[in-house]
Amino acid sequence: MNMRTLTDEQREIWATDGYLHLSGVLDADEVQSLSDQVDGVRKQPGWEPLSGMLPRGHYGWVEQCADQDPEAFMDRRDLMPYGADFINLMDRPEVFDLVVDIMGPNILFSMSQAIVRASTHEFPGYTHTDGGEGLREIRVTETSRPIAMKALYLLSDVTEDDAGAFTVYPGSHFRPLPFKRDPPLNPHSPGCVQLKGKAGDCFLFPHALWHGPAPNHSGKARKTLLYNYCQLFVRAYDFGAVPTHLLDQMTPRQRRLIGDLGHDFRPGDYFYVPEDQAQVITGSTG
Ligand SMILES: O=C(O)CCC(=O)C(=O)O
């Protein structure tokens, strides 16, 4: 199967700025459908951050989102149980092909998330790298594949500053995040850029890029989906074990991406990859 690869221009932008903006990955109907489905997720049980009740970055089980207003804040993890459209976004060719070009074929799908950033003056935004306390201190060199990266899909337009934009510090993926700085870096610190985009666009970025959400004073909610990929030797962080109850809804490639290696676990797995790994991930047996 012929997979897309980065253009020379994209390769240079990825290497220097540390992110890519892909326009029009989802069409208007897909955006509407996914947006409606995110609203539907609000009514269903799942993993939410439980503000103030759990340590930072941890999620707890809720029967439904605390606020049922579709314009209110929501941060739902592990979207795979919510239907085929969320599963299929895992290897959406326009995005996934580029992820494979960047990361190589020895990868896992490690996390999915739907975030609604409400319009409010109470949230100032923040800046971080991905992967928690461990990964924030690890950066690879210019010639290396990333350890982990994300695809962020916009489900609403972001056309102005302080409208909940995804913010980045271009080129910061090669520098240590000054996470002890007081006051902390934020979306208005020097060097931070608020990325504008249309619903259906996608941003790609590695875990090491300094990034985060801008505040949203726009009067309307900003909705995104996030899909995270990591090298196979790093673990997924949406599930403690392969979600076997979902396997019959997935293609061979999707099953491999969520960690199904085709046999029960044995020592050496994930560090050393199955012999058909490249064929499965590039789709030639998928
Ligand atoms: O855009 C957001 O709301 C958060 C995105 C982000 O910072 C992340 O995925 O780590």
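1. A closer look at the pairing of strand S11 (residues 222-231)
Taken across its ten residues, S11 has ten buried, putting it largely inside the fold. Relative to S11, strand S5 (residues 107-117) is paired through ten bridges, and the arrangement is antiparallel. Its bridge partner lying in S11, Phe109 is registered against Tyr229. Where strand S6 (residues 148-154) meets S11, seven bridges bridge the pair, whose relative direction is antiparallel. Note on S11: the bridge partner recorded for Met149 is Tyr229.

2. Looking at the sheet that holds strand S8 (residues 193-195)
Sheets are built from strands that pair by backbone hydrogen bonding, the pairs being arranged parallel or antiparallel. Spatial ordering of the open sheet is given by S8-S7-S10, a layout of three strands whose pairing is antiparallel. In the strand order of this sheet, the two ends are held by S8 and strand S10 (211-213), each with one partner. Direction aside, neighbouring strands of the sheet carry axes that sit 30° apart on average. Note that strand S7 (residues 166-168) and S8 share three bridges and pair antiparallel. Bridge assignment links Thr167 to a residue of S8, and that residue is Gln194.

3. So, a nonpolar patch on the surface
A cluster of nonpolar side chains, namely Phe233, Phe271 and Tyr272, defines an oily patch on the protein surface of about 440 Å² accessible area. Along the polypeptide, Phe233 turns up in the loop between S11 and helix H6 (252-257).

4. Remarks on the pattern of salt bridges
When the charged atoms of two side chains with opposite charge come close together, those side chains can pair. With the rule as written, the count across this model stands at 13 salt bridges. With a shortest N-O distance of 2.9 Å, Lys150 and Asp130 are connected by a salt bridge. Highlighted residues: Lys150 in strand S6 and Asp130 in the loop between S5 and helix H5 (132-135), separated in sequence by 20 residues. A relative accessible area of 7% places Asp130 in the buried class. In this structure, Lys198 and Asp157 form a salt bridge, with 3.6 Å as the shortest nitrogen-oxygen distance. One end of the pair, Lys198, is in the loop between S8 and strand S9 (202-206); the other, Asp157, is in the loop between S6 and S7, and 41 residues separate them in sequence. On the basis of relative accessible area, Lys198 is assigned to the partly exposed category, the value being 47%. Residue Asp157 is classed as partly exposed on the basis of its relative accessible area, which comes to 31%.

Rules used in this analysis
- For every chain, the first residue of the written sequence is number 1, and numbering continues from 1 along that sequence.
- Local features in this predicted model are restricted to residues of pLDDT 70 or higher, and side-chain atom pairs are both shown and tallied only at a pLDDT of 80 or more, whereas totals for entire chains, interfaces and linings draw on every residue.
- Only hydrogens and water are set aside; all other atoms, that is, all heavy atoms of the structure, feed into the side-chain values.
- The rule is simple: take the accessible area with a 1.4 Å probe, protein chains only, and divide by the maximum for that residue type; under 20% is buried, over 50% is exposed, in between is partly exposed.
- Helix and strand definitions here come from DSSP, where helices need a minimum of 4 consecutive H or I residues and strands a minimum of 2 consecutive E residues; each element is numbered from the N-terminal end.
- Strands pair, by our definition, only if DSSP identifies at least two bridges between them.
- Between N-to-C directions, angles cover 0 to 180 degrees, with each direction set by a line fitted to C-alpha atoms, over the stretch in contact for helices.
- For patches, a residue must show more than 30% relative accessible area and have no salt bridge; joins then use 9 Å for like charges and 5 Å for nonpolar side chains, namely Val, Leu, Ile, Met, Phe, Trp and Tyr.
- Computed by Shrake-Rupley with a 1.4 Å probe, the accessible areas treat only the displayed protein chains as cover when residues are assessed.
- Think of a salt bridge as a Lys or Arg side-chain nitrogen and an Asp or Glu carboxyl oxygen that are within 4 Å of each other.

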